Amino acid sequence: MIAASHRLHSDRLSEPENRVIYGKCNNPYGHGHNYAIEVTVSGQVSLSTGMVCNLVELDDCFRQEIMERFDHKNLNTREEFADRVPTTENLATVIFDILKREFGAAHLEKIRIEETQNNSFEYCGDAQLS
Amino acid sequence: MIYLTRKCEFSAAHYYYNPAFSAEENQRVFGKCANLDGHGHNYTLEVTVKGEIDSTTGFVVDLKQLKDVLNDEVVEAMDHRHLNKEVSEFAKQIPTTENIAIAIWNRLDATLKVAKLHRVRVYEMPDLFVDYYGEQ
């Protein structure tokens, strides 16, 4: 879970366009969410450990690479969103790409983010949801 | 490709009864769901759409438009309704959760211009749901 603030605003759009497209998410002062993040990895079960990967290592990687970057931060101020709007679509792709790069102990299948109880987003990189 | 899921709820009454069956057959096949006085559920609908992220807006779909379509096509049509008596698809079709999922898919597929449908999931109860991916 990460708690972060953001404001949806695109420099490529005019002020009125931003207000129409993003509505209350365009509030200049920003707003925030508790993002619940699910990371799915896959692999063969190790004969010696009985595990597909060491959960402590996955937890450590997530904490260092994702929590440290984004928890209790303003997403708009992060370099990862310097060239893109911090929608949850883009947050999902950013987190997927970071974990793909940093966690090599298992195959990263999917990132799922619940932005609110009613809205969630899934990203599997180049793959598609089955 | 990114997938967005929007959730909403509706509460509705229904019964299962096939007029081609005898009363005994209806009772045997549908059990307590065959009670013609009806019963009801709180249904939870999850609609998943897919597409590429728009590089200007960062959105895969305008959530407000999706929300409006779900409200118009599903919530307005089915919430606090009797499915057998008030929803046209079920005039001659049994409103099982399977058929509800297909009816919702067809309604959304016909009206949802802002994104491509991936899946319709309908929970009849927290421990029972149906997934429909359209004709494949």
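Please refer to the structure placed before this passage.
Cut-off values and rules
- Within each chain, residues carry numbers counting from 1 in the order of the written sequence.
- Written order decides the labels, with chains lettered from A and ligands numbered from 1.
- Only residues with pLDDT of at least 70 get local features here, since the model is predicted, and only at 80 or more are side-chain atom pairs given and counted; chain-wide, interface and lining totals rely on the full set of residues.
- Derived side-chain values reflect all non-hydrogen atoms in the structure, with water molecules and hydrogen atoms excluded from consideration.
- Here, nonpolar core means buried Ala, Val, Leu, Ile, Met, Phe, Trp, Tyr and Cys residues that are tied together by side-chain atoms lying within 4.5 Å of each other.
- Note on classification: 1.4 Å probe, protein chains only; a residue is buried when its accessible area is under 20% of the maximum for its type, exposed when over 50%, partly exposed between these limits.
- Residue contacts are counted whenever heavy atoms from the two residues lie within 4.5 Å of one another.
- Put simply, DSSP marks the helices as runs of H or I at least four residues long and the strands as runs of E at least two long, and each gets a number from the N terminus on.
- Between Lys or Arg on one side and Asp or Glu on the other, a salt bridge is scored when a side-chain nitrogen of the former is within 4 Å of a carboxyl oxygen of the latter.
- Helices are assigned an expected span. That span is 1.5 Å times one less than the residue count.
- The bend at a residue is defined as the angle formed between two axes, one fitted to the seven residues ending at that residue and one fitted to the seven starting there.
- Polar contact criterion, stated in full: a pair of N or O atoms within 3.5 Å, where within protein one must be able to donate a hydrogen and the other to accept it, and residues adjacent in sequence count only if both atoms are side-chain atoms.
- By buried area we mean the combined loss of accessible area, with a 1.4 Å probe, across both parts when two parts are placed together.
- As a working rule, the residues Ala, Val, Leu, Ile, Met, Phe, Trp, Tyr, Cys and Pro are called nonpolar, Asp, Glu, Lys and Arg charged, and the rest polar, with Gly in that last group.
- At least two bridges found by DSSP between two strands is the condition for calling them paired.

J.: Give me the nonpolar core: which residues, what numbers.
T.: Ranked by size, the top nonpolar core spans 61 residues in total, and within it Leu45 and Ile104 of chain B carry the most contacts. Among all residues touching Leu45 of chain B, those that are not within four sequence positions of it are Arg6, Lys7, Cys8, Phe10, Leu70, Val74, Ile104, Val120, Arg121 and Val122 of chain B. Core analysis: the next-biggest nonpolar cluster, separate from the first, contains 5 residues, Leu8, Tyr22 and Val85 of chain A together with Phe59 of chain B among them.

J.: Describe unusual backbone geometry, naming the residues involved and giving the relevant values.
T.: A positive phi angle is found at His72 of chain A, which is not glycine, with a value near 55°. By secondary structure assignment, the location of His72 of chain A is in the loop between helix H2 (55-70) and strand E3 (73-74). One non-glycine residue, His80 of chain B, adopts positive backbone phi at about 60°. The residue His80 of chain B is located in the loop between helix H2 (63-78) and strand E3 (81-82) in this model.

J.: Let's hear about the pattern of salt bridges: which residues, and what values?
T.: Residue and element names in this part refer to chain A. Inspection of the entire model under this criterion finds 15 salt bridges over all chains. For Glu38, the salt bridge identified is with Arg112, shortest N-O distance 3.0 Å. Taken together, the residues span a long stretch of sequence, with Glu38 in strand E2 (residues 31-42) and Arg112 in strand E4 (residues 107-114) at a distance of 74 residues. We note a salt bridge from Arg78 to Glu80, for which the minimum N-O separation is 3.2 Å. Owing to a relative accessible area of 21%, Arg78 belongs among the partly exposed residues under this scheme. Relative accessible area serves as the criterion here: at 13%, Glu80 is assigned to the buried category. It is possible to trace a salt-bridge network through shared partners that takes in Glu65, Arg69, Arg78 and Glu80.

J.: Requested: an account of H2 of chain B, with residues and values cited.
T.: Residues and elements named next belong to chain B. With 16 residues, H2 should reach 22 Å at 1.5 Å per residue; the first-to-last C-alpha distance of 21 Å fits that figure. In the structure, H2 departs most strongly from a straight axis at Asn71, where the bend amounts to approximately 40°. For H2, the full list of buried residues reads Leu66, Val69, Leu70, Glu73, Val74, Val75, Ala77 and Met78. Residues of H2 that are buried sit in contact with strand E1 (2-14), strand E2 (39-51), E3, helix H3 (83-86) and helix H4 (97-111). Among the residues of H2, the N-terminal cap falls to Asp62, whose side-chain oxygen and the backbone nitrogen of Lys64 are separated by 2.9 Å. One or two positions beyond H2, positive phi appears at His80, with a value near 60°.

J.: Quick rundown of the interface of chain A and chain B? Include the residues and the values.
T.: Interface size is commonly expressed as the accessible surface area that is lost when the partners come together. Contact with chain A, which involves 24 residues of that partner, is made by 18 residues of chain B. Both faces considered, chain A and chain B share a buried interface measuring about 1900 Å² in area, 50% of it formed by carbon and sulfur atoms. At the surface where chain A touches chain B, the tally comes to 10 residue pairs in polar contact (both at pLDDT 80 or more). With 5 residues, strand E5 (residues 119-123) of chain A is the single largest residue contributor to the side of chain A that touches chain B. Considered class by class, the residues forming the side of chain A that touches chain B number 10 nonpolar, 11 polar and 3 charged. When E5 of chain A meets E1 of chain B, the two strands line up antiparallel, connected through 5 bridges. Across the sheet, the residue bridging to Ser120 of chain A is Thr5 of chain B, located in E1 of chain B.

J.: How would you explain H2 of chain A if you had to name every residue and give the values?
T.: Residue and element names in this part refer to chain A. With 16 residues, H2 extends 21 Å between its outermost C-alpha atoms, agreeing within 8% with the 22 Å of an ideal straight helix rising 1.5 Å per residue. Where H2 bends most, the angle comes to about 35°, and this point is Arg63. Those residues of H2 hidden inside the fold are in contact with strand E1 (2-6), E2, E3 and helix H3 (88-102). Between the side-chain oxygen at the start of H2 and the backbone nitrogen of Val56 there is a gap of 2.9 Å, and the oxygen is on Asn54. Trailing H2 by a residue or two, His72 shows a phi angle of about 55°, which is positive.

J.: Account for the pairing of E1 of chain A, with residues named and values stated.
T.: Residues and elements named next belong to chain A. E1 sits mainly inside the fold: 4 of its 5 residues count as buried. Bridge count for E1 against E2 is 5 bridges, and the pairing is antiparallel. For His6, the partnering residue across the bridge sits in E2 and is His31. Relative to E3, E1 is paired through 2 bridges, and the arrangement is parallel. Following the sheet pairing, Ser5 is matched in E3 by Asn74.

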